[in-house]
Amino acid sequence: MTLPFFVYGTLRPGQVNHDLLLRGRTRSEEPARLADAVLYQGPGYPYAVEERGGGPVTGELVTALPEAYEELLAELDRLEEYVPGDPRSLYLRVERKVVREADGAAARAWVYVAAPAVATRLRARGRVIASGDWRARV
């Protein structure tokens, strides 16, 4: 299934991984929000932890160029240390609804959220980014 990506951390414009992985490979990048998630400070990058009533988490809805999609998907899975079915994954790639800021329209997107074991640790002793915006964390 070809879906856009919702990015909320180091893949956002102006962040380190945006230029490394996304520059020149996207058709569009639009401000968007993810509901039902809480943003936590990680070691150099954030984690979105799914939580009913949480959020919103601020980010961008990124639509890849069709010719770059498969390779980009594989590279993002590697970056996020996501391996389908592997309980050691730091993140899970899940399909979720996000809302575009410009027009309030909903879109389905891939979102990397904290894997269950990571989410449990963060809920117990993690630092919440109350604004839901990685760039405004300090």
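Our structure is the block above this text.
A brief structural summary. (Residues numbered from 1 in each chain as written. Predicted model: local features only at pLDDT ≥ 70, side-chain atom pairs only at ≥ 80, totals over all residues. Heavy atoms only, no water.)

## Some points on the sheet that holds strand β3 (residues 37-41)
At step 1: If you trace the three strands from one edge of the open sheet to the other, you get β4-β3-β8, paired in antiparallel fashion. Looking at which strands have only one partner, the edges of the open sheet turn out to be β4 (46-50) and β8 (127-128).
At step 2: The pairing of β3 with β4 spans five bridges and is antiparallel. Residue Val38 lies in a different strand from β4, and its bridge partner there is Val49.
At step 3: Running over the sheet, helix α3 (residues 116-125) touches β3, β4 and β8 and is turned about 95° from β4. (Pairing = 2+ DSSP bridges. Helix = DSSP H or I, 4+ residues; strand = E, 2+ residues; numbered from the N terminus. Contact = heavy atoms within 4.5 Å. Axes fitted to C-alpha atoms, helices over the stretch in contact; angles between N-to-C directions.)

## Considering the layout of surface pockets
Over the atoms a probe the size of a water molecule is rolled, and this reveals where empty space is left.
At step 1: Computed from the structure, the largest pocket encloses a volume of approximately 240 Å³.
At step 2: Tallied by class, the residues present in the lining of the largest pocket amount to ten nonpolar, four polar and two charged.
At step 3: Put simply, the second largest pocket is a space of about 160 Å³.
At step 4: Lining the second largest pocket, in full, are Arg33, Leu34, Ala35, Asp36, Ala37, Glu50, Arg96, Lys97, Val98 and Val99.
At step 5: Contributions of two or more residues to the lining of the second largest pocket are made by β2 (26-34) and β6 (91-100).
At step 6: With four residues, β6 is the largest single contributor of residues to the lining of the second largest pocket.
At step 7: For the lining of the second largest pocket, the per-class residue count stands at five nonpolar, no polar and five charged. (1 Å grid on protein atoms, 1.4 Å probe; cavity = no way out; pocket = protein on both sides within 12 Å on 5 of 7 lines; lining within 4 Å. Points joined across faces, edges and corners; volume = space filled by probe spheres on them. Nonpolar A, V, L, I, M, F, W, Y, C, P; charged D, E, K, R; others polar.)

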